[in-house]
Amino acid sequence: MEIIELARTIRERDPARPTWFEAVTCYAGLQAVLMHRLAHALYRRGFKALARAVSHTNRFITGIEIHPGARIGRRLFIDHGMGVVIGETAEIGDDVLIYHGVTLGGLSLANRAGPGGKRHPTIGDGVAIGAGAQVLGPIRVGDGARIGANAVVATEVPAGETVIGIPARPPHEHRIMPARAAPAPSPGYGLLDQPCDPVGEEIATLRAEVAALRAEMATLKRHQAGVPAAE
């Protein structure tokens, strides 16, 4: 029975370790998935207006907006959930973890775009998506990939890869120093075992370049003035 499977997933993956009663009655993510099952069944049978009504009720109750056309696999865990938006042609695999504020959205305003009308991302099995992340367009996020909090993903993410930042890239492409390995547990709100500020690191890189240019200018000035370089 799916409600038991979802509740078991919540109890296993949520550090708060809720009771069975709490998992069933107090987790909006579980309720949103169950209501989406009904909306999706109606949508596939052609009752689109009724399906949208169920979806709208789902959003009103849970704060999670899932288009009835979206395809969702088993054991999806939407933690907290408020502000999650999942588009019509999105596909989500099994054992996926999604935090609040995540958007699985499109980049095209056309009613249908891409092969087979695909406008939204496909999320592989076991993917974890941090809070506030935006995954956009008909791209694929490979099995076991991890997307950091507030990342903006608009290109393919290979299986098992971790991406962070805007635009989303692997951590070592953001850092000046080599990145340490990401931890195995749930990504929570950041994914890494140390603070990562891509914008701050870009500023630090620019400051280092400016300092190097100033040193070079000072050397040139001394050379022009006939002052010997310091040993």
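Looking up the protein chain in an unreviewed UniProt entry gives the name Serine acetyltransferase, with the organism given as Roseicella aerolata. Comment text from UniProt for the protein chain, heading Sequence similarities (unreviewed entry), reads "Belongs to the transferase hexapeptide repeat family." The record in UniProt for the protein chain states the following under Catalytic activity (unreviewed entry): "L-serine + acetyl-CoA = O-acetyl-L-serine + CoA".

The four strands lie next to each other as 2-5-8-11, forming an open sheet whose pairing is parallel. Only two strands of the sheet have a single neighbouring strand rather than two, namely strand 2 (71-72) and strand 11 (140-141). Bridging between strand 8 (residues 122-123) and strand 11 involves two bridges; their strand directions are parallel. Bridging from a neighbouring strand, I123 pairs with V141 of strand 11.

We now examine the sheet that holds strand 10 (residues 134-136). In space, the five strands of this open sheet follow the order 1-4-7-10-13, with parallel pairing throughout. Across the chains shown, the open sheet's two edge strands, defined by having one partner strand only, are strand 1 (65-66) and strand 13 (152-153).

Across the protein chain, the average pLDDT comes to 84, with 81% of residues at or above 70. Predicted confidence for residues 176-186 stays below pLDDT 50, and this span has 18 contacts to residues more than four positions away or in other chains.

Glancing now at the packing of helix 1 (residues 2-13) against helix 3 (residues 28-44). At a closest axis distance of 10 Å, the pairing of helix 1 and helix 3 adopts a crossing angle of 155°. Classified by the angle their axes make, helix 1 and helix 3 are roughly antiparallel. Crossing of helix 1 over helix 3 shows right-handed handedness. When helix 1 is examined against helix 3, the residues E2, I3, L6, A7 and I10 are found in contact with a partner set consisting of L30, V33, L34 and R37. Of the residues assigned to the contact of helix 1 with helix 3, the class counts are seven nonpolar, no polar and two charged.

What follows deals with the pattern of salt bridges. Pairing between side chains becomes possible if they bear opposite charge and their charged atoms approach one another. Throughout the structure, instances matching the rule amount to eight salt bridges. Of the charged contacts, one joins R59 and E65 as a salt bridge, the two residues approaching to 3.2 Å between their closest N and O atoms. Looking at R59, the relative accessible area reads 36%, which means it is partly exposed. A salt bridge links E91 to K118; the nearest nitrogen and oxygen atoms lie 3.1 Å apart. Taken as a pair, E91 in strand 5 (residues 91-92) and K118 in the loop between strand 7 (103-105) and strand 8 lie far apart in primary sequence, 27 residues in all. Accessibility expressed as a relative area gives 13% for K118, which makes it buried.

Here we come to helix 1. Compared with the 16 Å implied by 1.5 Å per residue over 12 residues, the 16 Å span of helix 1 between its first and last C-alpha is a close match. Every buried residue belonging to helix 1 is among E5, L6, A7, T9 and I10, and all of these are buried. Those residues of helix 1 hidden inside the fold are in contact with helix 2 (20-25), helix 3 and strand 3 (77-78).

Next up on the list: the side chain of D14. Positionally, D14 belongs in the loop between helix 1 and helix 2. Comment: no salt bridge for buried D14; closest opposite-charge side chain is R17, at 6.0 Å. Side-chain polar atoms of D14 contact the side chain of Y27, separated by 2.5 Å. Discounting chain neighbours no more than four positions away, the residues touching D14 are Y27, F77 and D79.

Calculation criteria
Residues numbered from 1 in each chain as written. Predicted model: local features only at pLDDT ≥ 70, side-chain atom pairs only at ≥ 80, totals over all residues. Heavy atoms only, no water. UniProt positions renumbered as here; feature names shortened; annotations may be inferred. Pairing = 2+ DSSP bridges. Helix = DSSP H or I, 4+ residues; strand = E, 2+ residues; numbered from the N terminus. pLDDT = per-residue confidence, 0-100. Contact = heavy atoms within 4.5 Å. Axes fitted to C-alpha atoms, helices over the stretch in contact; angles between N-to-C directions. Parallel < 35°, antiparallel > 145°, perpendicular 65-115°, else oblique. Left-handed = near helix turned anticlockwise from the far one by under 90°. Nonpolar A, V, L, I, M, F, W, Y, C, P; charged D, E, K, R; others polar. Salt bridge = Lys/Arg side-chain N within 4 Å of Asp/Glu carboxyl O. Buried < 20%, exposed > 50% of the residue type's maximum accessible area, 1.4 Å probe, protein only. Expected span 1.5 Å × (residues − 1). Lys, Arg positive; Asp, Glu negative; His and termini not counted. Polar contact = N/O pair within 3.5 Å; in protein donor to acceptor, adjacent residues only side chain to side chain.

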